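Examining the three-dimensional arrangement
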Amino acid sequence: MATLVIIRGNSGSGKTSLAEALQHHYGRKTLVISQDNVRRTMLKETVEPGNLSIGLTEAIARFGHAEDLLVIVEGFYEADIYGEMLVQLHQLFAPRVYAYYYDIPFEETVKRHATRSKRADFTPEDMKRWWKEKDYLGWAEEVLLSAELSLEATVQLICQAIEHS
């Protein structure tokens, strides 16, 4: 049965690492849709209402649903710009929807960003400019992830939710 996992949060919070760890755990039949890849790499889009990455992300996720995949949508996905698309995906995949938001302090995202291979792509000043405090979707399914939760513990938390529902 098609399943949707949404991983959101500010830049440097750990979304990509978590999505990659989940894909490694589940292997085949897992589709990771990375906002950075779709918006920046594939389309060279900016973050603004109506940008082309919104429709492309939804189309790729719909493909994953049609193919009965575990679809992992990961990225900043600001609620005011991408929220409607996420609601559409929520309706499509329901009841197999799991949403997670990295609710961690700015200072922690800067520390995490400093350990990444793409740390030179943007600065802490850029991260501060982009920062959105508590950009929740407000869904009952949305689980807030704290800085204290390790990557391994977060993977385990999500796997348990998926496998026990």
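Structure first, text after, so check above.
Notes on the structure follow. (Residues numbered from 1 in each chain as written. Predicted model: local features only at pLDDT ≥ 70, side-chain atom pairs only at ≥ 80, totals over all residues. Heavy atoms only, no water.)

1. Section: the nonpolar core
Counting 22 residues, the largest nonpolar core has Leu-4, Ile-33, Val-71 and Phe-93 as its most contacted members. No other element matches helix H4 (residues 79-93), which puts 6 residues into this core. The contacts of Leu-4, once residues within four sequence positions are left out, are Val-71, Val-73, Leu-89, His-90, Phe-93, Arg-96, Val-97 and Tyr-98. With 16 residues, the next largest nonpolar core counts Ile-7, Tyr-98, Tyr-102 and Leu-145 among its residues. (Core = buried A, V, L, I, M, F, W, Y, C linked by side-chain atoms within 4.5 Å. Buried < 20%, exposed > 50% of the residue type's maximum accessible area, 1.4 Å probe, protein only. Helix = DSSP H or I, 4+ residues; strand = E, 2+ residues; numbered from the N terminus. Contact = heavy atoms within 4.5 Å.)

2. Thoughts on the pattern of salt bridges
The final tally for this structure, using the stated rule, is 9 salt bridges. Of the charged contacts in the structure, one is a salt bridge between Glu-58 and Arg-62, with a shortest N-O distance of 3.0 Å. Remark: Arg-62 and Glu-58 occur in helix H3 (residues 52-66); sequence separation between them is 4 residues, near one turn of the helix. For Glu-58, a relative accessible area of 17% translates into the label buried. In this structure Arg-62 comes out as partly exposed when scored by relative accessible area, which is 34%. Here Glu-108 and Arg-112 are joined by a salt bridge, their closest N and O atoms 2.9 Å apart. Note that Glu-108 and Arg-112 are positioned in helix H5 (residues 106-113) at a spacing of 4 residues, about one turn of the helix. Arg-112 shares its class with Glu-108; the two are buried. Where salt bridges share partners, they join Arg-8, Asp-135 and Glu-142 into one cluster. (Salt bridge = Lys/Arg side-chain N within 4 Å of Asp/Glu carboxyl O.)

Spatial relationships are all this shows, so hold off on functional conclusions.
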